[in-house]
Amino acid sequence: MQEPKIKFDHVTKVFQTRSQSILAVKDYSMEIAAGEFVSILGPSGCGKSTLIRMLDGIIDTTEGDIFIDGQKVNYAKKKMPQSILRKMGFIFQQPNMLPWFTVRENIALPLRVFDLKGPEWEKRVDELLELVGLTEYAKAYPAEISGGMLQRAGVIRAMVHDPEILLMDEPFGALDELTREQMNMELLDIWTRTKKTIIFITHNIEEAVLLSSRVYVMGTHPGRLVEIVDLDLPRPRTLSMITQPKFIQYREKLEGCIGEIDLSKIK
Amino acid sequence: MKKKNKLISFLAPVVSFLLIFSLWEIACTVNEVPTWFLPKPTEIFRSMVVDFPEFWPHILVTFEVVLMGFLIAIPVGLLLASLVTSFPLVNAALSPYITFLVTTPLISLIPLLMLMMGFGLNMRITTVVIQSFAVINMNACTGFNNVPTIRRELMQSMGADPIKTYLKMTLPSAASDIFTGVRLAAIFATTTCISVEYNAGNTGLGSQIIKYSQYLKTTQSFACIFYVTIIGLIMYGLISFAQKKIISWKE
């Protein structure tokens, strides 16, 4: 078998607070092949965001190892080297633009931080702006453009240094339903064209089924893997699939995995 | 419409200014208040012009001390806040002393500083720095500590080094809190400078206010107070200008 692009090997994360230790993720394992689009689905507090933060070197692991391209990337209390971080782009739940930079400067920020210089990189910024229709807003400040535009900027900022992996932490959760559907379709379009490996975190079952090839379902107390569901739906996916019997079948299966948790109450 | 609003916002303070001083003038005239007790505004303004050559060197001294002390306090406060918020050890070691400096009424340190440094400019500037850097430091610390986690995570996800993180993210995130500190520091600087001049030496507007009061030359005393106000206003204007230039974005 081909070596997985990303591998979690029995990863556990314990957060130490002053009064107690909280088991955020317990014994989590998964393997993701290059170019796959997978979702991690679960209610609030199941540790799904913690997972990709460990992968992207924002927080360290307590036990277990994480591999990218077969290379161990996590070391306790040590920063992940930029050579590994460069392989990943992180998309936050909020646009997370820095308000003192223009849209273009924000998108080019990873280039400055990773020290990627040269006309080819600058050209890439312009191409990405073009890709999501932000060219005419390049010189605007984040406070001057809409939420949908800001989140698009967030997506292309994560792509500007040409990472192989995109980590998306409920990226469109803060957007209205219509914009969210549109963004999902744009994301699928980007994925089809670039063949990046995508880990998509969500608490929305429909979104998970619509986008991904496989869904990892997580449960709470402690955060752990409950079920892996492979989705055998044709691509390209369209919004009209939502009403097809097979789609509904998968949706109900996932609802069953998550159990009695009332998702409508979880933001 | 916009033009009209601008005109009103310009005229309103001018009219209220004239009104207040007219009332003051009328009240003094009608009640025949003696000049040594409360001079009329016209007399004070006259003194500000006529006695200007006498005041000028003192205005310069006060302004120099306020400005110098203030300009030294900004980098000192900022640097200290950066160190304190970045290194827990530095924080643990220094925070008691900073609290000590903030809570001690500075007036109680003046005799000691006079003993060590004399009456000169150095002593005055030192006092102003000690008193005003602490508020800058405290407000900057608040700003640095309140940087949103999600912004830190953004920089971490790119493995940004401490200097890039500081310049591109932390410092601008804290900018408006820092300016709050700078504004307060300007007030502290002026207050401290006048306090020192009350106590030490015979130069500076503070010393002149005392001198004229002792001779019952209340008009001149008031003229000096008005010049102190003008110095305060100049400081305020400079800071507002700098803030507008530096913080051009909306959060």
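Residues numbered from 1 in each chain as written. Chains lettered and ligands numbered in written order. Predicted model: local features only at pLDDT ≥ 70, side-chain atom pairs only at ≥ 80, totals over all residues. Heavy atoms only, no water.

Colleague: For this particular structure, what's the right way to read the domain arrangement of chain A?
Modeller: Frequently, the measure chosen for interface size is the accessible area that the parts lose on association. Residues and elements named next belong to chain A. The domain architecture assigned to chain A consists of domain 1 (6-87 + 164-265) and domain 2 (99-157). Put simply, the middle of domain 1 and the middle of domain 2, counted by C-alpha atoms, are 25 Å apart. Taken together, the contact pairs 13 residues of domain 1 with ten residues of domain 2. At the surface where domain 1 touches domain 2, the tally comes to one salt bridge. (Domains from an automatic or database assignment. Contact = heavy atoms within 4.5 Å. Salt bridge = Lys/Arg side-chain N within 4 Å of Asp/Glu carboxyl O.)

Colleague: Can you walk me through the interface of chain B and chain A in this structure?
Modeller: Of the residues lining the interface, 18 residues belong to chain B; the matching set on chain A comes to 22 residues. Here chain B meets chain A over a buried area of about 2000 Å², counting both sides, of which 66% is carbon and sulfur. Seen at the junction of chain B and chain A, the total is two salt bridges. For the salt bridge of E153(B) with R53(A), the shortest nitrogen-to-oxygen distance reads 2.7 Å. Across the chain B-chain A interface, the total number found is seven residue pairs in polar contact (both at pLDDT 80 or more). Of all the secondary structure elements, the ones that give two or more residues to the side of chain B that touches chain A are α7 (149-157) and α8 (162-199) of chain B. (Buried area = accessible area lost by both parts, 1.4 Å probe. Polar contact = N/O pair within 3.5 Å; in protein donor to acceptor, adjacent residues only side chain to side chain. Helix = DSSP H or I, 4+ residues; strand = E, 2+ residues; numbered from the N terminus.)

Colleague: Please explain helix α4 (residues 88-103) of chain B as it appears in this structure.
Modeller: Since there are 3.6 residues in each turn of an α-helix, residues three or four apart along the chain are aligned in direction. Taking 1.5 Å per residue as the helical rise, α4(B) with its 16 residues ought to reach 22 Å, and the 22 Å between its terminal C-alpha atoms agrees with that figure. Where α4(B) bends most, at L94(B), the angle is about 45°, and the proline P96(B) comes one to four residues later. (Expected span 1.5 Å × (residues − 1). Bend = angle between axes of the 7 residues up to and from the residue.)

Colleague: What exactly am I supposed to notice about the sheet that holds strand β1 (residues 6-16) of chain A here?
Modeller: Strand pairing in a sheet is mediated by backbone hydrogen bonds. Such pairs are either parallel or antiparallel. Residue and element names in this part refer to chain A. Taken together, four strands build an open sheet; the order of strands is β2-β1-β4-β5 and the sheet is antiparallel. Lying at the two open borders of the sheet, with one neighbouring strand each, are β2 (21-32) and β5 (71-72). Packing of helix α1 (residues 48-55) onto the sheet brings it into contact with β1, β2 and β4 (63-68), and relative to β1 it is tilted by some 110°. (Pairing = 2+ DSSP bridges. Axes fitted to C-alpha atoms, helices over the stretch in contact; angles between N-to-C directions.)

Colleague: Please explain the packing of helix α3 (residues 52-86) of chain B against α8(B) as it appears in this structure.
Modeller: Between two packed helices, the angle of one axis relative to the other and the distance separating the axes together describe the packing. Residue and element names in this part refer to chain B. Contact geometry for α3 and α8: axes closest at 8 Å, N-to-C directions at 145°. Seen along the crossing, α3 lies across α8 with a hand that is right-handed. Between α3 and α8, the contacting residues are V61, T62, V65, V66, F70, I74, L78 and S82 on the first element and Y166, I178, V182, A185, A186, A189, T190, C193, I194 and E197 on the second. For the contact of α3 with α8, a count of residues per class yields 14 nonpolar, three polar and one charged. (Left-handed = near helix turned anticlockwise from the far one by under 90°. Nonpolar A, V, L, I, M, F, W, Y, C, P; charged D, E, K, R; others polar.)

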